[in-house]
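# Working through the structure, step by step
Each chain is listed here by its residues.
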Amino acid sequence: MNIARHVLNCTKFARHSANINCTRKFYTSQHLKMSRHTHSKRIAGLDKNVWVAFTSLAADPSVVNLGQGFPDIPPPFYVKEALAKAACVDRMNQYTRGFGHPSLVKALSQVYGKVCERQIDPLKEILVTVGGYGSLFSTMQGLVEEGDEVIIIEPFFDCYVPMVRMAGAKPVLIPLRLKPGKRQTITSADWFLDPDELSSKFNSKTKAIIINTPNNPIGKVFTRDELQVIADLCIKHDTLCFSDEVYEWLIYRGHHHIKIATLPGMWDRTITIGSAGKTFSVTGWKLGWSVGPEHLIKHLQTVMQNTLYTCPTPLQATVAQGLLLNFELMGQPECYFSSLAEELEGKRDRMAAILQEVGMTPVIPEGGYFMLVDVTSLNQDLSHMVDDDDAAYDYKFVKWMIKEKKLAAIPVTAFVGDESKKQFEKYIRLCFIKQDSTLDAAEAILKNWSKI
Amino acid sequence: MSGRLHAHRTDGVDKNVWVEFTKLAADYKAVNLGQGFPDFSPPKFVQEAFCKAVNGGPLMHQYTRVYGHPSLVKSLSKFFSRIVGHEIDPFEDVLVTVGAYQALFCAFQALVDKGDEVIIVEPFFDCYQPMVKMAGGKAVYVPLRPKAEGDTVESSGDWVLSPEELSSKITSRTKAIVINTPNNPLGKVYKTVELQMIADLCIKHDMLCISDEVYEWLTYDGAQHVKIASLPGMWERTITIGSAGKTFSATGWKVGWAMGSGNVIKHLKAAHQMSVFDCATAAQEAVAQGFEREYEVFGTPESYFQQLPAMLQHKRNKLASCLQSVGLQPIMPEGGYFIIADISSFKVNDQSTEDEPDDFRFVKWMIKEKGLATIPVSAFYSPEHSKEFNKYIRFCFVKEDSTLDAAEDILRNFSQ
């Protein structure tokens with residue numbers, strides 16, 4: 001049936017739709033000084049985004065995508081099954097408790113209660129959010145404002161700086177630095193924070209420091225001593241600590257994830273952020289959480305109730321089940337929290353070996369699912385890329401690599417401030433939580449690198 | 001820790017009527033006609049679509065496009081272009097959000113600066129006020145007022161905006177007006193002539209219009225939902241907000257959208273990418289399939305958009321006559337999920353709530369003493385006008401017959 005006639009026959013809409021077309025043309029041509037319709041100041045300059053830029057470039061199906069950080073391996077089967085079942089339960093399709101579905105906050109308090117060795121109140125000390133991202137946002141909006149300074153360690157997950165800015169505060173950056181000296185293999189442990197340099201960044205305006213361990217993109221897993229240095233400064237200057245620990249389970253042999261909130265004096269001033277997406281390889285579920293003391297969490301809850309109110313119910317119910325299942329298995333090889341790390345360690349080692357063979361220098365990560373690669377030794381001439389003249393070397397390199405080699409990565413200077421660009425512009429970031437066929441394809445490209 | 005911890009933007013926005021009353025209803029195990037969600041399931045075709053999505057390939061469980069899953073933005077723009085009479089670009093003119101709630105949040109964050117004024121028509125869905133406040137804006141209120149007293153049962157259509165009163169509230173700092181049609185809690189469905197009056201003012205004063213249309217399919221007695229964005233000159237300045245939760249009776253999925261001219265939507269996109277980045281993939285895919293199916297059967301008796309309002313109209317009528325029979329005066333809603341009733345003929349004796357407004361007292365008493373939960377309507381009014389409107393309580397009738405029967409039993413035993 002002709003669409004126009006069909007619409008006109010739908011009595012609900014017949015009256016107004018018939019007359020629109022003639023008058024519409026008149027008004028739109030007359031148009032509109034929309035001069036007052038400018039956006040708010042808080043979103044100024046926030047529209048640029050490395051993901052939006054590089055994801056579309058990498059979307060070409062012929063490109064092997066080791067760029068954006070999501071698995072192309074399936075999540076554990078029980079998690080998909082549980083979700084399909086949850087959707088069949090009536091109540092699971094309607095609103096649940098705003099600050100977190102009861103079964104989920106209870107499961108979180110059990111898991112983290114065990115890990116932190118403390119009682120965690122599921123209703124007052126936990127907030128469920130839309131991904132780790134949503135937790136970061138609720139934290140910034142709830143606790144940070146104009147006049148505050150927030151210390152951010154470079155390289156940082158790229159949203160930290162714009163979120164601090166959107167909250168009206170000033171980001172204060174400090175880079176991780178590579179320990180001097182020649183070595184056979186570089187690992188993320190060779191990158192460190194200079195304690196004196198860090199100390200110099202704290203002042204009376206410092207509201208918080210953001211740490212990310214395991215770190216994205218380097219993969220550094222902060223040691224207890226390193227965290228103690230940060231904790232001492234937080235206590236000395238009475239600042240808060242926002243600890244992004246979304247990759248907390250992805251720790252490789254010989255290393256341990258330490259929660260800064262468990263250090264003396266830190267529970268009362270720390271928000272710890274976690275992610276179902278990274279925990280269960282379901283980034284598309286967009287569920288995360290903030291854990292901390294009631295006097296901080298309550299402000300994040302206020303933000304939540306004024307931003308999106310509640311998270312999807314069936315997803316929360318399912319994550320709760322996944323957490324409880326693995327809580328029972330903790331310490332055993334079947335526990336997904338450790339079995340995923342084991343699987344990824346193999347992929348990490350394979351990736352590193354291929355890169356070394358080809359003459360690139362990988363930074364072996366202690367945790368997480370990314371690997372930095374130093375491309376200096378390739379000596380790739382990019383002077384022909386005139387359109388991107390003022391872009392950093394790694395941006396140009398990645399664009400060139402996607403186009404010429406059909407391999408996608410992410411430029412690391414996306415994760416640092418202007419002053420540190422020179423220090424990081426020879427690095428690109430590869431994601432290795434990919435199935436074997438993807439890694440095979442990447443290997444083929446890398447092995448053929450020097451051939452035209 | 002010493003000193004002030006929280007940001008000023010959270011001052012004064014921490015109280016929340018839902019948190020308070022949902023807890024109370026749960027504590028007393030009350031028959032819950034309070035919070036607005038169905039206690040029946042979503043339609044089969046949409047539940048099946050969700051299961052299918054969940055069992056889809058691995059990409060169904062990983063990040064999707066930031067501004068909305070491609071299949072969803074395409075099906076939304078296809079569906080609504082036909083209704084609005086304007087070609088909607090799926091990638092420029094549509095933003096998918098975590099429920100309509102987050103679409104509202106993005107709209108205020110993206111467009112309201114400190115000192116901007118936003119006109120809110122009362123009674124209003126309670127989140128508009130704290131969201132405007134959190135964005136640093138100033139809320140300016142204009143109430144819908146009942147036309148005249150009379151013996152006949154009032155209808156939501158009898159509550160109107162005074163053009164003079166509305167006009168008098170506009171200043172050089174007025175950035176936008178927020179309307180909600182069908183309205184929560186009153187149920188008013190704005191007529192074309194009423195929307196035209198608002199549109200004329202928007203154009204004259206170069207204001208934006210945020211139109212919350214989450215209940216767009218739920219109109220009764222032949223009332224027609226009109227989209228203000230479809231009026232001449234309004235597409236370019238209107239943000240129309242919709243909800244999969246209300247459309248498909250799946251409020252727990254939290255999928256919503258904002259639609260409008262790309263020039264305006266692009267700012268909401270920036271706010272969105274800063275706050276959640278993107279929305280859950282599988283639920284978006286299921287909603288996309290839901291809209292594809294409705295596109296094919298639109299206007300036919302098979303359409304859920306016809307079946308749901310038909311079913312709800314019966315429930316509305318049943319509850320309304322029960323309320324009348326016990327001396328509560330209902331105001332018949334032309335649309336939406338709710339019916340409000342005048343409680344003036346009842347007096348509550350509970351000293352613990354003496355300081356609270358009459359409707360809050362009545363609702364609390366009814367939960368504790370009668371086991372029936374509702375929501376006080378003055379929660380949907382500004383502080384300056386709430387005293388004029390504290391004699392109404394709100395019932396949600398989007399419930400299974402068994403729930404409504406249980407509520408009716410309680411009401412019939414009132415006088416005892």
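In what follows, the structure referred to is the one given above.
Structure report, in brief. (Residues numbered from 1 in each chain as written. Chains lettered and ligands numbered in written order. Predicted model: local features only at pLDDT ≥ 70, side-chain atom pairs only at ≥ 80, totals over all residues. Heavy atoms only, no water.)

A separate point is the overall build of chain B. Along the backbone of chain B there are 13 helices and 15 strands. Compactness check: chain B gives a C-alpha radius of gyration of 21 Å against a globular reference of 22 Å for 416 residues, within 12% of the reference. Projected onto its principal axes, the C-alpha positions of chain B cover 60 × 55 × 50 Å. Relative to its full complement of 416 residues, chain B shows a buried share of 68%. For chain B, the share of sequence-separated contacts (at least 6 apart) that also reach a separation of at least 24 residues comes to 72%. Total accessible area computed for chain B in this model is approximately 13900 Å², and 51% of it derives from carbon and sulfur atoms. A distance of 3 Å separates the average location of the 42 positive side-chain charges in chain B from that of its 51 negative side-chain charges. (Helix = DSSP H or I, 4+ residues; strand = E, 2+ residues; numbered from the N terminus. Rg over C-alpha atoms; globule rule 2.2 N^0.38 Å. Buried < 20%, exposed > 50% of the residue type's maximum accessible area, 1.4 Å probe, protein only. Contact = heavy atoms within 4.5 Å. Areas by Shrake-Rupley, 256 points an atom, 1.4 Å probe, with all protein chains shown as cover. Lys, Arg positive; Asp, Glu negative; His and termini not counted. Charge placed at Lys NZ, Arg CZ, Asp CG, Glu CD.)

The next point concerns the packing of helix H2 (residues 44-54) of chain B against helix H10 (residues 281-297) of chain B. Residues and elements named next belong to chain B. Remark: H2 packs on H10, axes separated minimally by 8 Å, with the N-to-C direction vectors making an angle of 135 degrees. Taken together, the axes of H2 and H10 lie oblique to each other. As H2 packs across H10, the resulting crossing turns out to be right-handed. Facing Phe-45, Val-46, Ala-49, Phe-50, Ala-53 and Val-54 of H2, the residues of H10 in contact are Ala-282, Ala-283, Glu-285, Ala-286, Gln-289, Gly-290, Arg-293 and Glu-294. (Axes fitted to C-alpha atoms, helices over the stretch in contact; angles between N-to-C directions. Parallel < 35°, antiparallel > 145°, perpendicular 65-115°, else oblique. Left-handed = near helix turned anticlockwise from the far one by under 90°.)

Moving on to helix H13 (residues 401-412) of chain B. All names here are of chain B. Relative to the 16 Å expected for twelve residues at 1.5 Å per residue, H13 spans 16 Å between its end C-alpha atoms, a close match to the ideal helical length. Buried within H13 we find Thr-403, Leu-404, Ala-407, Glu-408, Ile-410 and Leu-411. Looking straight down H13, one finds its buried side chains confined to an arc of 160 degrees; they lie on one side. (Expected span 1.5 Å × (residues − 1). Arc of directions from axis to C-beta.)

What follows covers the side chain of Thr-272 of chain A. Residues and elements named next belong to chain A. By secondary structure assignment, the location of Thr-272 is in strand E10 (residues 270-275). Taking relative accessible area as the criterion, Thr-272 reaches 8% and is therefore assigned buried. Here Thr-272 is in contact with Ser-243, Glu-245, Lys-259, Ala-261, Trp-289, Ser-290 and Val-291, once residues within four sequence places are set aside.

Turning our attention to the packing of aromatic side chains. Residues and elements named next belong to chain B. Following the criterion strictly, the structure yields 57 aromatic pairs over all chains and no others. Ring geometry for Phe-80 versus Trp-217: centroids 6.4 Å apart, planes at 35 degrees, classification tilted. You can see Phe-80 sitting in helix H3 (residues 70-84) and its partner Trp-217 sitting in the loop between strand E8 (208-212) and strand E9 (238-243), a full 137 residues away along the chain. Among the residues examined, Phe-80 registers a relative accessible area of 1% and is labelled buried. Residue classification places Trp-217 among the buried residues on the basis of a relative accessible area of 5%. Taken together, the ring pairs in this structure connect Phe-45, Phe-79, Phe-80, Trp-217, Phe-248, Trp-257, Phe-291, Phe-298, Tyr-304 and Phe-305 into an aromatic cluster. The ring of Tyr-295 carries the charged tip of Arg-82 above its face, separated from the ring centre by 3.9 Å. (Phe/Tyr/Trp six-rings, centres within 6.5 Å; stacked < 30°, edge-to-face > 60°. Lys NZ or Arg CZ within 6 Å of the ring centre and 35° of its normal.)

With 94 residues of chain A at the interface, the matching set in chain B holds 98 residues. Between chain A and chain B, roughly 8200 Å² of surface is buried when both sides are summed, and carbon and sulfur atoms account for 56% of that area. Counting across the interface, chain A meets chain B through two salt bridges. Among the salt bridges present, the one from Lys-41 of chain A reaches Asp-113 of chain B, with a minimum N-O distance of 3.7 Å. At the boundary of chain A and chain B, one finds 38 residue pairs in polar contact (both at pLDDT 80 or more). Those elements giving two or more residues to the side of chain A that touches chain B turn out to be helix H1 (3-9), helix H2 (11-30), helix H3 (50-58), helix H4 (77-86), helix H6 (131-143), helix H7 (160-166), helix H11 (294-305) and helix H12 (313-329) of chain A. Here the side of chain A that touches chain B gets eleven residues from one element, more than from any other, and that element is H2 of chain A. Taken together, the residues of the side of chain A that touches chain B sort by class into 43 nonpolar, 32 polar and 19 charged. (Buried area = accessible area lost by both parts, 1.4 Å probe. Salt bridge = Lys/Arg side-chain N within 4 Å of Asp/Glu carboxyl O. Polar contact = N/O pair within 3.5 Å; in protein donor to acceptor, adjacent residues only side chain to side chain. Nonpolar A, V, L, I, M, F, W, Y, C, P; charged D, E, K, R; others polar.)

We now examine the layout of surface pockets. In this structure, the second largest pocket encloses a volume near 960 Å³. Considering the residues around the second largest pocket, the lining is formed by 32 residues, among which Thr-55, Ala-59 and Gln-68 of chain A together with Thr-64 and Arg-65 of chain B are closest to the centre. Among the secondary structure elements, those contributing two or more residues to the lining of the second largest pocket are H3 and strand E1 (64-65) of chain A together with helix H9 (262-275) of chain B. Per-class residue counts for the lining of the second largest pocket are 16 nonpolar, nine polar and seven charged. (1 Å grid on protein atoms, 1.4 Å probe; cavity = no way out; pocket = protein on both sides within 12 Å on 5 of 7 lines; lining within 4 Å. Points joined across faces, edges and corners; volume = space filled by probe spheres on them.)

As a further point, take the pairing of E8 of chain B. All names here are of chain B. Of all five residues in E8, five are buried; the element is thus mostly enclosed. A two-sided burial pattern is seen for E8, the buried positions comprising Leu-208, Ile-210 and Asp-212 on one face and Cys-209 and Ser-211 on the other. Note: strand E7 (residues 174-180) against E8, five bridges, orientation parallel. If you follow Ile-179 over to E8, its bridge partner there is Ser-211. Once the chain exits E7 it traverses helix H7 (residues 192-204) before rejoining the sheet at E8, and the crossover so formed is right-handed. (Pairing = 2+ DSSP bridges. Right-handed = clockwise from strand over helix to strand, strands pointing away.)

Given 3.6 residues per helical turn, the α-helix brings residues three or four places apart onto the same face. Residues and elements named next belong to chain A. Taking 1.5 Å per residue as the helical rise, helix H9 (residues 224-237) with its 14 residues ought to reach 20 Å, and the 20 Å between its terminal C-alpha atoms agrees with that figure. Taken together, the buried positions of H9 are Leu-227, Ile-230, Ala-231, Leu-233 and Cys-234. Taken around the axis of H9, the buried residues stretch over an arc of 160 degrees, which confines them to a single face. Every exposed residue of H9 that faces more than 90 degrees away from the buried side is listed here: Asp-225 and Lys-236. Packed against the buried residues of H9 are helix H8 (195-201), strand E8 (206-212) and strand E9 (240-244). A positive backbone phi angle near 55 degrees is found at Asp-238, which sits one or two residues after H9.

So, on to the sheet that holds strand E4 (residues 138-143) of chain B. Think of a sheet as strands paired side by side through backbone hydrogen bonds, with each pair either parallel or antiparallel. Residues and elements named next belong to chain B. Pairing is mixed across the open sheet formed by seven strands, whose spatial order is E2-E10-E9-E8-E7-E3-E4. Either end of the sheet is taken by a strand with one partner, and the two such strands are strand E2 (94-97) and E4. Here the strands of the sheet are splayed against their neighbours by 20 degrees on average, with no regard to which way each runs. Sheet analysis places strand E3 (residues 117-122) next to E7, joined by four bridges and oriented parallel. Residue pairing in the sheet places Ile-119 in a bridge with Ile-177 of E7. Of the strands in this sheet, E7 and E8 are in contact with H7, which crosses E7 at around 165 degrees. H9 contacts E2, E9 and strand E10 (256-259) of the sheet and is inclined by roughly 30 degrees relative to E2.

Positionally, Asp-278 of chain B belongs in the loop between H9 and H10. In this structure Asp-278 of chain B comes out as buried when scored by relative accessible area, which is 1%. Separated by 239 residues in sequence, Asp-278 of chain B and Asp-39 of chain B have C-alpha atoms that sit 28 Å apart. Sequence-distant contacts of Asp-278 of chain B, defined by excluding residues within four places in its chain, comprise Val-130 and Lys-286 of chain A together with Tyr-63, Thr-64, Arg-65, Val-66 and His-272 of chain B. Reaching out from Asp-278 of chain B, the side chain makes a polar contact with the backbone nitrogen of Thr-64 of chain B at a distance of 3.3 Å.

Core analysis: the biggest nonpolar cluster contains 249 residues, and Phe-397 of chain A together with Phe-80, Phe-108, Leu-268 and Phe-395 of chain B have the highest contact counts within it. For this core, the element with the highest residue contribution is helix H4 (residues 99-111) of chain B, accounting for ten residues. Ignoring anything within four residues of it in the chain, the contact list for Phe-397 of chain A reads Val-375, Leu-378, Gln-380, Leu-382, Ile-428 and Trp-449 of chain A. The next biggest cluster of nonpolar side chains, apart from the first, holds 31 residues, and it includes Ala-199, Met-207, Ile-228 and Val-377 of chain B. (Core = buried A, V, L, I, M, F, W, Y, C linked by side-chain atoms within 4.5 Å.)

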